[in-house]
Amino acid sequence: MPPSDPLPTSPLRFALRYVWLFRGWCLAAFLFETGASTAGISIPYTLGRLTKGIAALRPDASATLALRGPMLAFAALSLADMVLSRSAGNCQFLTSPRLRQRVTNDLYAHLQGHSKRFFDASFAGALAHRVVETAAGVTQALWAIIFDFWPIAITLAVAVTLLSQSSPPLACFVGGWAFVFCTVSYVLAKSCQPYARKHAAARSVTSGKVVDSVSNMASVRLFARSLFERHYIDGYLEAEVAAARTSHRFTERIRWFQHVSSLILKVGTLWFSVRLWREGRIDVGTFVMSTSMALLVITEARNLGRRFMEFFEYVGNIENGVRTIVRAHEIADRGDATALVVTRGEIRLRDVTFGYRPDQPIFEGLSLTIRPRERVGLVGYSGSGKSTLVSLILRLYDPQSGQVTIDGVDVRSVTQDSLHEQVGLIPQDPTLFHRTLRENIRYGRLDATDASVRDAAARADADDFIAASPDGYDSLVGERGVQLSGGQRQRVAIARAFLKNPPILILDEATSSLDSVTEKALQASLEDLMSDKTVIVVAHRLSTIAHLDRIVVFDAGRVVEDGTHQDLVSRDGTYALLWSRQVDGLLPDHLPDELERTSLSESA
Ligand code: ATP
Ligand code: MG
């Protein structure tokens, strides 16, 4: 479900949206930090006044009284610095987790609305990483401005103002230094950015390669390629080392610049102050104030170059995340979409043209009607478009032209949630959540009781293997369900369908991983599940569908035969040939030559 208002597609406006949402906290942190920095950099001023007093007074009891003012000011400013900066810190820690939560939730909600095509073309891990990095980027960039850049600006402004009151030339010196320092830091950081990016890219390539290698560990072992893999990964590590060296060489430049400019400010202020004092243009108080201010400015502005670099990285992360995730959804509910209510269960494709790429159509002008409560078997060679047809009914893709309707309603005019509530799919290779078996089955109906879950499992013939699992219904199934066999996963998926019990049901090779004996055992339950529903069954094993009301034979995106099993067998066409050629109930791998010729001459 998309968030209530659409997410901005520009990275800046995206970040500002969250600053605005948390404006109270951000403003508080900002004000506290302003106060803290002003107090901090004003301390040297009181030091200056203290020094002036000490130089003029004789060390007796009256001196303490005379110095009370600047001493109190010194203490008060130090206290204010501490309290205000801790208050700002509190605002930060109270806001940060909520801010991240908000960004993550919004991005994840937007991500959910993307099409199957989007997810097929992306890596799940990379998307998850983007969501997390973007959320972190927004908070870090915000805090970098409030806690890094803003205090530096305040410190420099206050320092120059205070100095200009007692010595304009010194103020000019510090001001000029600050201008050059900030500009050069920015320029250097900017010039380092491409190298830092290359380094980051090299790091993520290496980690991607390691992940790919780890997930294919079975192949690595079975082909005895451990050494090969280590060399393969080491090649990428070498590239990473080279990128790291270049990047570090450039960051080192920034460090040198920083150290040299700190030195110039320290020594320069000292030398300049001594000269001004000698010429009688400043007093000893101003001397102490200017030199200790220079030291404070250096402490504050130290690492400005590195902070710029980090800031660019955060901004880059936000840009990346927004560019990848916050795009328009390919398949979105229309503004006036209604909830689909299946009353009869008629599915109709009218003149549908569709290709995953428009220039390579799989269906051209395909029309097909599945009558209410009809149970239809779809047969065809691998790649003939059966699963694609199913995807169009589920509106996982929109056809380039033509229409898919359910009970006369275009699937594009109803909400996708209502469509998927009422059209259930049991896929060939169902993936499960790494949650317990109970949770996986209950996914079909979230309010199902434990008893219903057990009943559904029993009807899907899954109760025996679940009972034999170490923790029964509480057993975890491994990532995507890898700890179950293909047939066990299919039975969990069937159990889910029993709970969901939708009026339209599609089985795409849903029992293909079951042996014929188990499939037979399941048959009665499946009949039960299919009763009173519109059902489409895609199967290579013809015995699975022979008893259905109607069989539709597909070839290269066209319906080549349509009728009951008896009709088609007696017709002596494609289906009859497939039926007679079934080896052990399965289709042969290739179209026999004579059939290829008949189907070509038919289509001509
Ligand atoms: P099978 O019996 O092997 O499951 P099928 O009849 O279900 O085959 P489809 O999956 O519909 O075949 O595929 C039809 C064609 O579309 C194939 O040529 C396939 O390569 C292509 N295809 C399938 N999915 C995609 C996709 N996500 N992107 C691009 N092309 C695809
Ligand atoms: Mg398929």
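Cut-offs applied
- Residues numbered from 1 in each chain as written.
- Chains lettered and ligands numbered in written order.
- Predicted model: local features only at pLDDT ≥ 70, side-chain atom pairs only at ≥ 80, totals over all residues.
- Heavy atoms only, no water.
- Helix = DSSP H or I, 4+ residues; strand = E, 2+ residues; numbered from the N terminus.
- Rg over C-alpha atoms; globule rule 2.2 N^0.38 Å.
- Buried < 20%, exposed > 50% of the residue type's maximum accessible area, 1.4 Å probe, protein only.
- Contact = heavy atoms within 4.5 Å.
- Salt bridge = Lys/Arg side-chain N within 4 Å of Asp/Glu carboxyl O.
- Pairing = 2+ DSSP bridges.
- Near = heavy atom within 4 Å.
- Polar contact = N/O pair within 3.5 Å; in protein donor to acceptor, adjacent residues only side chain to side chain.
- Areas by Shrake-Rupley, 256 points an atom, 1.4 Å probe, with all protein chains shown as cover.
- Axes fitted to C-alpha atoms, helices over the stretch in contact; angles between N-to-C directions.
- Domains from an automatic or database assignment.
- Patch = residues over 30% accessible without salt bridge, like charges linked within 9 Å, V, L, I, M, F, W, Y side chains within 5 Å.
- Parallel < 35°, antiparallel > 145°, perpendicular 65-115°, else oblique.
- Left-handed = near helix turned anticlockwise from the far one by under 90°.
- Nonpolar A, V, L, I, M, F, W, Y, C, P; charged D, E, K, R; others polar.
- Right-handed = clockwise from strand over helix to strand, strands pointing away.
- Phe/Tyr/Trp six-rings, centres within 6.5 Å; stacked < 30°, edge-to-face > 60°.
- Lys NZ or Arg CZ within 6 Å of the ring centre and 35° of its normal.

## Details of the overall build of the protein
Stage number 1. When its secondary structure is counted, the protein shows 21 helices and 10 strands.
Stage number 2. Relative to the 2.2 N^0.38 estimate, which gives 25 Å for 604 residues, the radius of gyration of the protein is 36 Å and therefore markedly larger than a compact globule would have.
Stage number 3. Structurally, the protein occupies a C-alpha span of about 125 × 50 × 50 Å along its principal axes.
Stage number 4. By residue count, 46% of the 604 residues in the protein fall in the buried class.

## A look at the environment of Ala 456
Stage number 1. With respect to the helices and strands, the residue Ala 456 is situated in helix 15 (residues 450-459).
Stage number 2. Exposure remark for Ala 456: the relative accessible area of 2% places this residue in the buried category.
Stage number 3. Sequence spacing of Ala 456 and Arg 357 is 99 residues, and the spatial spacing of their C-alpha atoms is 40 Å.
Stage number 4. The contacts of Ala 456, once residues within four sequence positions are left out, are Ala 495, Phe 498 and Leu 499.

## Considerations on the pattern of salt bridges
Stage number 1. Per the counting criterion, the structure on display carries 30 salt bridges.
Stage number 2. Salt-bridge contacts for Arg 438 lead to Asp 474; the nearest nitrogen and oxygen are separated by 3.1 Å. One end of the pair, Arg 438, is in helix 14 (residues 437-442); the other, Asp 474, is in the loop between helix 16 (463-468) and helix 17 (486-500), with 36 residues separating them in the sequence.
Stage number 3. The network of salt bridges with common partners includes Arg 371, Glu 374, Arg 550 and Asp 562.

## A look at the pairing of strand 9 (residues 550-555)
A regular strand places its side chains on the two faces of the sheet in alternate fashion.
Stage number 1. Counting buried residues along strand 9, 6 of its 6 residues qualify, which places the element largely inside the surrounding structure.
Stage number 2. Here strand 9 shows two buried faces, one formed by Arg 550, Val 552 and Phe 554 and the other by Ile 551, Val 553 and Asp 555.
Stage number 3. Taken together, the 5 bridges between strand 3 (residues 375-380) and strand 9 define a ladder with parallel strand orientation. By the bridge assignment, Gly 380 is partnered in strand 9 with Phe 554.
Stage number 4. As judged from the 5 bridges shared by strand 9 and strand 10 (residues 558-563), these two strands associate in the antiparallel manner. Looking at strand 10, one finds that Asp 555 is bridged to Arg 558.
Stage number 5. Where strand 9 hands over to strand 10, the hairpin turn is made up of 2 residues, of which Ala 556 adopts a positive phi near 45°.

## Let's talk about the site of ligand 1
Stage number 1. Neighbouring residues of ligand 1: 13 residues in total, closest Ser 382, Gly 383, Lys 386, Ser 387 and Thr 388.
Stage number 2. Within the backbone of Gly 385, one N or O atom sits 3.0 Å away from an oxygen atom of ligand 1.
Stage number 3. Contact with the protein chains removes 60% of the 630 Å² of surface that ligand 1 exposes when unbound.
Stage number 4. It is helix 12 (residues 386-393) that provides the largest number of residues to the shell around ligand 1, a total of 3 residues.

## A look at the sheet that holds strand 6 (residues 423-426)
Stage number 1. Read across the sheet, 6 strands follow the order 6-7-8-3-9-10 without closing on themselves; strand pairing throughout is mixed. At either margin of the open sheet sits one strand with a lone partner, and together these are strand 6 and strand 10. Shown here is a sheet whose adjacent strand axes are inclined to one another by a mean of 20°, direction ignored.
Stage number 2. Sheet topology note: the strand 6/strand 7 (residues 504-508) ladder contains 4 bridges and is parallel. The residue of strand 7 that forms the bridge with Gly 424 is Leu 505.

## Side note on the sheet that holds strand 5 (residues 409-410)
Sheet strands pair via backbone hydrogen bonds, and the direction of the pair is either parallel or antiparallel.
Stage number 1. Read across the open sheet, the 4 strands follow the order 2-1-4-5; overall the sheet is antiparallel. Two strands close off the open sheet at either side, each with one partner strand: strand 2 (363-370) and strand 5.
Stage number 2. In this structure, strand 4 (residues 401-406) lies alongside strand 5, joined through 2 bridges in antiparallel fashion. Across the sheet, the residue bridging to Thr 405 is Asp 410, located in strand 5.

## Remarks on the domain arrangement of the protein
Stage number 1. Split into domains, the protein comes out as domain 1 (11-325) and domain 2 (347-603).
Stage number 2. For domain 1 and domain 2, the distance between their C-alpha centroids amounts to 57 Å.

## Topic: a nonpolar patch on the surface
Stage number 1. Nonpolar side chains collect at one region of the surface, where Leu 270, Val 274, Trp 277 and Val 284 lie side by side and expose about 340 Å² of accessible area between them.
Stage number 2. Among the elements that line the nonpolar patch, the one with the most residues is helix 9 (residues 226-278), at 3 residues.
Stage number 3. Position of Val 274 relative to the elements: it lies in helix 9.
Stage number 4. Using a relative accessible area of 38% as the deciding quantity, one classes Val 274 as partly exposed.

## Some words on the packing of helix 7 (residues 168-215) against helix 11 (residues 304-325)
Stage number 1. One can describe the packing of helix 7 onto helix 11 by two numbers: an axis separation of 8 Å at closest approach and a directional angle of 45°. Between helix 7 and helix 11, the angle falls in the class oblique. Crossing angle aside, the handedness with which helix 7 passes helix 11 is right-handed. Residues Phe 181, Cys 182, Ser 185, Tyr 186, Ala 189, Lys 190, Cys 192, Gln 193 and Ala 196 of helix 7 lie in contact with helix 11, whose contacting residues are Leu 304, Gly 305, Phe 308, Met 309 and Phe 312.
Stage number 2. Here the contact of helix 7 with helix 11 is composed, by residue class, of 10 nonpolar, 3 polar and 1 charged.

## What about the pairing of strand 7?
Stage number 1. Buried residues dominate strand 7, accounting for 5 of its 5 residues.
Stage number 2. By the alternation rule, side chains of strand 7 split into Ile 504, Ile 506 and Asp 508 and Leu 505 and Leu 507, which are all buried.
Stage number 3. As defined by bridge partners, strand 7 adjoins strand 8 (residues 534-538) across 5 bridges and the pair is classed as parallel. In the strand pairing of strand 8, Asp 508 is matched with Val 538.
Stage number 4. Since strand 7 and strand 8 lie parallel, the crossover through helix 18 (residues 516-530) that links them has a hand, and here it is right-handed.

## What to know about the packing of aromatic side chains
Stage number 1. Summed over the entire model, instances satisfying the criterion amount to 22 aromatic pairs.
Stage number 2. Relative to Phe 311, the ring of Phe 149 has its centre 5.3 Å away and its plane inclined at 90°; by these criteria the two rings are edge-to-face. Placement of Phe 149 in helix 6 (residues 124-166) and of Phe 311 in helix 11 is noted, with a sequence separation of 162 residues between them.
Stage number 3. Looking at Phe 149, the relative accessible area reads 17%, which means it is buried.
Stage number 4. One aromatic cluster in this structure is built from Phe 149, Tyr 186, Phe 308, Phe 311 and Phe 312.
Stage number 5. Sitting over the ring of Trp 20, Arg 23 keeps its end group 4.1 Å from the ring centre.
Stage number 6. We note Arg 435 situated over the ring of Phe 433; from NZ or CZ to the ring centre the distance is 4.1 Å.

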